[in-house]
Structures are given as C-alpha cells and as structure tokens.
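What the coordinates show
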Amino acid sequence: MVLLDAFSVNLSGTFMLTFGIVITIIAGVVTFMHTVDDFGAPPSLEELKRYAGSAQLRNGRFANPGGADVQMDLNKGLQALREMLTAKDTRPSQPLPTGFDVESDIAVPGSGEFAVTWFGHSAVLLELDGRRLLIDPMLGPAASPVPMFFGKRFALEQPINIDRIPSVDAVLISHDHYDHLDKYSILALASRVGHFYVPLGVGAHLLLWGVPQEKITEMDWWDEAEVKGLRIAATPAQHFSGRGMTDRNRTLWVSWVIQGGASIYFSGDSGYGEHFARIGERYGPFDFTMMECGQYNEKWQPIHCLPEESVQAHLDLRGAVMMPIHWGAFTLAPHRWTEPLERVRIAAATQSVRLAVPMIGERFIPSRAVPFWDPAR
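Structure report, in brief. In every chain, residue numbers begin from 1 and rise along the written sequence. Totals for whole chains, interfaces and linings use all residues, but because this is a predicted model, local features are given only for residues with pLDDT of at least 70 and pairs of side-chain atoms are given and counted only at 80 or more. Only hydrogens and water are set aside; all other atoms, that is, all heavy atoms of the structure, feed into the side-chain values.

**As for the side chain of Lys183**
- Strands are runs of DSSP state E lasting at least 2 residues, helices are runs of H or I lasting at least 4, and numbering of each runs from the N terminus. Here Lys183 lies in helix α4 (residues 183-189).
- Any two residues whose heavy atoms approach within 4.5 Å are treated as being in contact. If we skip the residues at most four places from it in the chain, Lys183 touches Asp37, Asp38 and Trp209.

If you want it as structure tokens, here you go:
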C-alpha cells in the first residue's frame, strides 16, 4: 500500500511537472506571438466590415468556393510531422549556383519585350514596358518566425543582395504566409517601392511594419488597377491564409495577372480548380505563366497543385511559356528538393509545354532565349 501511494505521488508529480511545462510553453508562445511583430496584424473586426461586400468573406473569414480546405486533425498532423522528419534529400548538398549579373539585371528591356529574374521559391522581378514589378519578395534567410527550427533558405553560391534590387514601381503580394510575405524584405525594400498591391486584409501587416497607408491598395478577386500604364488584376486562387494561431483565413489570397506589351500570369499558391480556366477565358492567352509546383503533398492537395496539375493549369490558362516557381529555396514538404522540377519536366514534355527554368538570380528575356537549368547536372 505504501509502495502504491508512493507510485501515485510520483505519477502525480510527473503529471504536474509535464502539465506545468506544457502551460509554460503555451504561455511563452502566446507571449512571443503578441510581442514580436513578425506575425503581423490581421484586420480588426471593424476593418473586416469594410470587406463585407466580398463574395469570398463568410462569417468574418475568407473561404474558397465549394469549401476547398485542409484541416489537420491530430493523427494527420503527426503523420505529416513524421514524414517531414524522416524524408530524405529535401535540401541540396551543395550551395546552389546563381546567375546574378551586375551589368544586366538593372536595365529595363525595350518595348515589346519583358525580362524575368527569379530569386528562388516564388520571388520574381518582372520588367515590362519600362516598369518594374516585384512579386512575393520573400528574400530573407528563413520562411519562418523561428528559423532555428524550420524554414531556412537553401545555401547559395552568391547570396541574394537585397540592396542591389533597383527601385520598383510596385510590389504585388499573393497572400500572407511567411514564404510569400516577409517582414525583413518589406522593411528593406519599402523606401524603393512605389506602391504595394495586396489581397484584402494584408494591408494591416504592412501598416504595422511602417508602410504608409497611401502606398497600399487592397484588392478582391477580379479587382483591377493600373500601374503606370500596366493593367494588373487580382484573380482567384484556391488556398488559405494566416500567420499565427488565431488568424486563419482572416486575409484573402490571390493570383495575379499583369498585362501591357505582354500578358503574364503569376499563380501564387493554389490547388487545382476550375478558376484557372476562368482566368484563361477572361485574360488569356498568356505569353508567360509562373506556376507553383513545389511544397506539395497529397494531404494538402486541395490547396497546392501537384506538378502535373501545375502543367494542366498552365494549359487551362492558355499559356505559352511556363516557369515553375515555389521550389528551389525552402523545405516545406517531405518530397525531394529536385522532385518538383523532375515531375514538371515529364508532364511538360507529355503535353508539349515549353518550360523556362533559370538559375536563381538569372535575368532573362523570354522573347530572346528561354533558359533551362538542370540541378541534377
């Protein structure tokens, strides 16, 4: 009986210690999230009232048509964590080659041409009709507020020098996830940006980080704006949003159409759906598409295309040349880091789709040459 009582006391003490540690961790996380502004500031309820006319807003949260979403229960979450921890070859073994060129990457191409510079993942500098647009400029060292644990950028032979990026007429943001909206990059670029175009609700993050209200335009699906003669349109995507534990889907997500002397599409993050064909019908055909193809998994397929779906979406959009994005910078899914490109190449060859695969930092003009970098070589 004495032994049993002692065992009970032991168990009780162990439980209380474990419970105390869990509560301390939760309290620490909550405190961290409320004191570190990397998490941003989702729109208040008052601000959400301004978006009441949006067809995408339901009960204070944005939603995909048809309810497409991914909800991770405990079992599915543990499976995903186990896959991430046991996955092989999810990062390159050597620093990736880069194509940065001091002489050429600051000149805007001539009339009727456009230039593209990919910085890895989904960050792209687009030069069109004498204008510069920077899309999803996640140029920081990690796609995470806790980089010591998660989301570190792949090593590069020549690191991205954000100070060398010239002034841009506009920055376009597709949604507020860390691998697309980076506080460090916004702060470093803000003084060189003419205007920020963002989905509904994302402006609150920029305001918190010091971007003036007059430099921010929030847009709903199918909204259009003009950037010094260029037409941009915020178009549908099938995804979700949020930077913390309580702000899921408080901000909208979009893809982007940019039209001037050429017609260009940027997918942002999206699962495959009929919206690609709708965008193609309304704004296509496209001279150039930038299509997400990495960080996928069957567990979250509704909100991220598999590589084969990315190629099909390009065809739905009536695109001419496709550049795979959302790969080559971070490990955010358990597939091999080169797998997205390998699968896209096979699907593109089967469908006779022309691919552009530049090295990170390699500026190219598609009408003159389409690069193809093979990381396997």
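**Considering a nonpolar patch on the surface**
- Residues enter a patch when their relative accessible area is above 30% and they make no salt bridge; the linking distance is 9 Å between like charges and 5 Å between nonpolar side chains (Val, Leu, Ile, Met, Phe, Trp, Tyr). Per-residue and other accessible areas were derived by the Shrake-Rupley procedure at a 1.4 Å probe size, with only the shown protein chains allowed to occlude residues. Here a salt bridge means any side-chain nitrogen of Lys or Arg lying within 4 Å of a carboxyl oxygen belonging to Asp or Glu. A surface patch of nonpolar side chains, amounting to about 450 Å² of accessible area, comprises Leu74, Leu78, Leu81 and Leu85.
- Residue Leu74 is classed as exposed on the basis of its relative accessible area, which comes to 67%. Here the term buried applies to any residue with accessible area under 20% of the maximum for its type, exposed to any over 50%, and partly exposed to those in between, with areas from a 1.4 Å probe on protein chains only.

**Concerning the packing of helix α7 (residues 307-316) against helix α8 (residues 339-351)**
- Here an axis means a line fitted to C-alpha atoms, over the contact stretch when the element is a helix, while the angle between two N-to-C directions is reported on a 0 to 180 degree scale. Across the interface, α7 lies against α8 with an axial gap of 8 Å and an inter-helix angle of 45°. Taken together, the axes of α7 and α8 lie oblique to each other. For the pair α7 and α8, the sense of crossing is right-handed. In contact with Pro307, Glu308, Val311, Gln312 and Leu315 of α7, α8 contributes Pro340, Arg343, Val344, Ala347, Ala348 and Gln351.
- Amino acids are sorted into nonpolar (Ala, Val, Leu, Ile, Met, Phe, Trp, Tyr, Cys and Pro), charged (Asp, Glu, Lys and Arg) and polar (every other residue, Gly among them). By residue class, the composition of the contact of α7 with α8 is seven nonpolar, two polar and two charged. Should an angle fall under 35 degrees it is called roughly parallel, over 145 degrees roughly antiparallel, and 65 to 115 degrees roughly perpendicular, with every other angle called oblique. In this scheme, a crossing is called left-handed if the near helix is turned counterclockwise away from the far one by less than a right angle; it is called right-handed if the turn is clockwise.

**Some words on the pairing of strand β11 (residues 255-259)**
- Burial within β11 is extensive, with five of its five residues counted as buried.
- Because side chains alternate across β11, one face comprises the buried residues Ser255, Val257 and Gln259, and the other comprises Trp256 and Ile258, equally buried.
- Relative to β11, strand β10 (residues 230-235) is paired through five bridges, and the arrangement is antiparallel. Note that in β11 the partner of Arg231 across the bridge is Gln259.
- Sheet analysis places β11 next to strand β12 (residues 263-266), joined by four bridges and oriented antiparallel. Residue pairing across strands places Ile258 opposite Ile264, the latter belonging to β12.
- Taking the residues between adjacent antiparallel strands as the criterion, β11 and β12 are bridged by three residues. Two strands are said to pair when DSSP picks up at least two bridges between them.

**Observations concerning the pattern of salt bridges**
- The tally for this structure, following the rule as stated, stands at 12 salt bridges.
- The partner of Asp169 in a salt bridge is Lys228, and the shortest N-O contact between them spans 3.0 Å. On the criterion of sequence distance, the pair formed by Asp169 in the loop between β5 (131-135) and β6 (170-172) and Lys228 in the loop between β9 (224-227) and β10 is long-range, its members being 59 residues apart.
- The exposed category is assigned to Lys228, whose relative accessible area is 53%.
- Of the charged contacts, one joins Glu342 and Arg336 as a salt bridge, the two residues approaching to 2.8 Å between their closest N and O atoms.
- A relative accessible area of 32% means that Glu342 is categorised as partly exposed.
- Members of the salt-bridge network, linked through shared partners, are Asp37, Asp38 and Lys183.

**Thoughts on the pairing of strand β8 (residues 216-219)**
- The pairing of strand β7 (residues 196-199) with β8 spans four bridges and is classified as parallel. If you follow Val198 over to β8, its bridge partner there is Glu218.
- Viewed along the sheet, the connection from β7 through helix α5 (residues 203-208) into β8 turns out right-handed. With the strands pointing away from the viewer, any crossover whose connection runs clockwise from the first strand over the helix to the second is right-handed.

**Brief notes about the nonpolar core**
- Joining through side-chain atoms within 4.5 Å is the link that ties buried Ala, Val, Leu, Ile, Met, Phe, Trp, Tyr and Cys residues into a set, and such a set is a nonpolar core. Membership of the largest hydrophobic core comes to 92 residues, with the highest contact counts inside it found for Ile232, Trp256, Ile258, Phe288 and Met323.
- Setting aside chain neighbours within four positions, we find Ile232 in contact with Leu133, Leu172, Tyr197, Met219, Asp223, Glu224, Ala225, Val227, Trp256, Val257 and Ile258.
- Grouped together as the second largest cluster of nonpolar side chains are six residues, Val70, Trp300, Ile303 and Ala333 included.

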